[in-house]
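Structural characterization, general
So the chains spell out like this:
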Amino acid sequence: MNSIIEYFTGMDALTDQMIATDLLISAKSGIRNYSMAITETGHPEIKEILVRHLNEALDLHEQLSQYMTEKGWYHAWDPKEQVNLNLQNIHTALNLPIL
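Residues numbered from 1 in each chain as written. Predicted model: local features only at pLDDT ≥ 70, side-chain atom pairs only at ≥ 80, totals over all residues. Heavy atoms only, no water.

The name given to the protein in an unreviewed UniProt entry is Spore gernimation protein GerQ, with Niallia circulans as the source organism. For the record of the protein, the UniProt heading Subcellular location (unreviewed entry) holds the text "Spore coat". (UniProt positions renumbered as here; feature names shortened; annotations may be inferred.)

Rendered as structure tokens:
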């Protein structure tokens, strides 16, 4: 999207927030998938590789959630505040001008 349009529509920060949120969701999905794969494999070398990838996914999740918390985009310890933020984002998205 054009940066001028992003600025005037308020989408510049929201775009960064959406990218970070998508990445966080992907990290969570990866953690779940690696955890399941670890319990399904019997080969020690494969298990070791999967555990290493799981730890990397956990580190990524920690970095992303900390970044998003600092930006005010993620309220993991305050579900009510997170719901309010999600509702604000929905309202913003629904009121974007049609170009």
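Here we take up the overall build of the protein. In terms of helices and strands, the protein carries four helices and zero strands. Counting only residues that meet the buried cut, the protein has 22% of its 99 residues in that class. Accessible area for the protein stands at about 7,400 Å²; split by element, carbon and sulfur atoms hold 60% of it. (Helix = DSSP H or I, 4+ residues; strand = E, 2+ residues; numbered from the N terminus. Buried < 20%, exposed > 50% of the residue type's maximum accessible area, 1.4 Å probe, protein only. Areas by Shrake-Rupley, 256 points an atom, 1.4 Å probe, with all protein chains shown as cover.)

Next up on the list: helix H3 (residues 44-71). Taking 1.5 Å of rise per residue, the 28 residues of H3 would be expected to cover 40 Å, and the 40 Å separating its terminal C-alpha atoms lies within 8% of that figure. Taken together, the buried positions of H3 are Leu-50, Leu-54, Ala-57, His-61, Leu-64, Ser-65 and Met-68. (Expected span 1.5 Å × (residues − 1).)

This brings us to a nonpolar patch on the surface. Taken together, Val-83, Leu-87, Ile-90 and Leu-94 make up a surface patch of nonpolar side chains, about 410 Å² in accessible area. Judged by relative accessible area, Ile-90 falls into the partly exposed class, the value being 47%. (Patch = residues over 30% accessible without salt bridge, like charges linked within 9 Å, V, L, I, M, F, W, Y side chains within 5 Å. Salt bridge = Lys/Arg side-chain N within 4 Å of Asp/Glu carboxyl O.)

Topologically, Ala-76 is positioned in the loop between H3 and helix H4 (79-94). Assessed through its relative accessible area of 38%, Ala-76 is described here as partly exposed. Put simply, Ala-76 and Ser-65 are 11 residues apart on the chain and 8.3 Å apart in space, counted from C-alpha to C-alpha.

Chain-level pLDDT for the protein is 87 on average; 84% of the residues reach the 70-or-more range. The element-level mean pLDDT for the protein is lowest in helix H1 (residues 3-9), coming to 58, with H3 highest at 96. (pLDDT = per-residue confidence, 0-100.)

This next bit is on the nonpolar core. Counting seven residues, the largest nonpolar core consists of Ala-20, Leu-24, Ala-27, Leu-64, Met-68, Trp-73 and Tyr-74. At the level of elements, helix H2 (11-40) and H3 are the ones that each hand at least two residues to this core. Once residues lying within four places of it in the same chain are set aside, the contact partners of Met-68 are Ala-20, Thr-21, Leu-24, Trp-73 and Tyr-74. Counting residues in hydrophobic clusters, the runner-up holds five residues, among them Ile-31, Leu-50, Leu-54 and Ala-57. (Core = buried A, V, L, I, M, F, W, Y, C linked by side-chain atoms within 4.5 Å. Contact = heavy atoms within 4.5 Å.)

What follows is about the side chain of Gln-82. As for its position among the elements, Gln-82 is in helix H4. The class of Gln-82 is buried, set by a relative accessible area of 15%. Of the polar contacts made by the side chain of Gln-82, one reaches the backbone nitrogen of His-75; its length is 2.5 Å. (Polar contact = N/O pair within 3.5 Å; in protein donor to acceptor, adjacent residues only side chain to side chain.)

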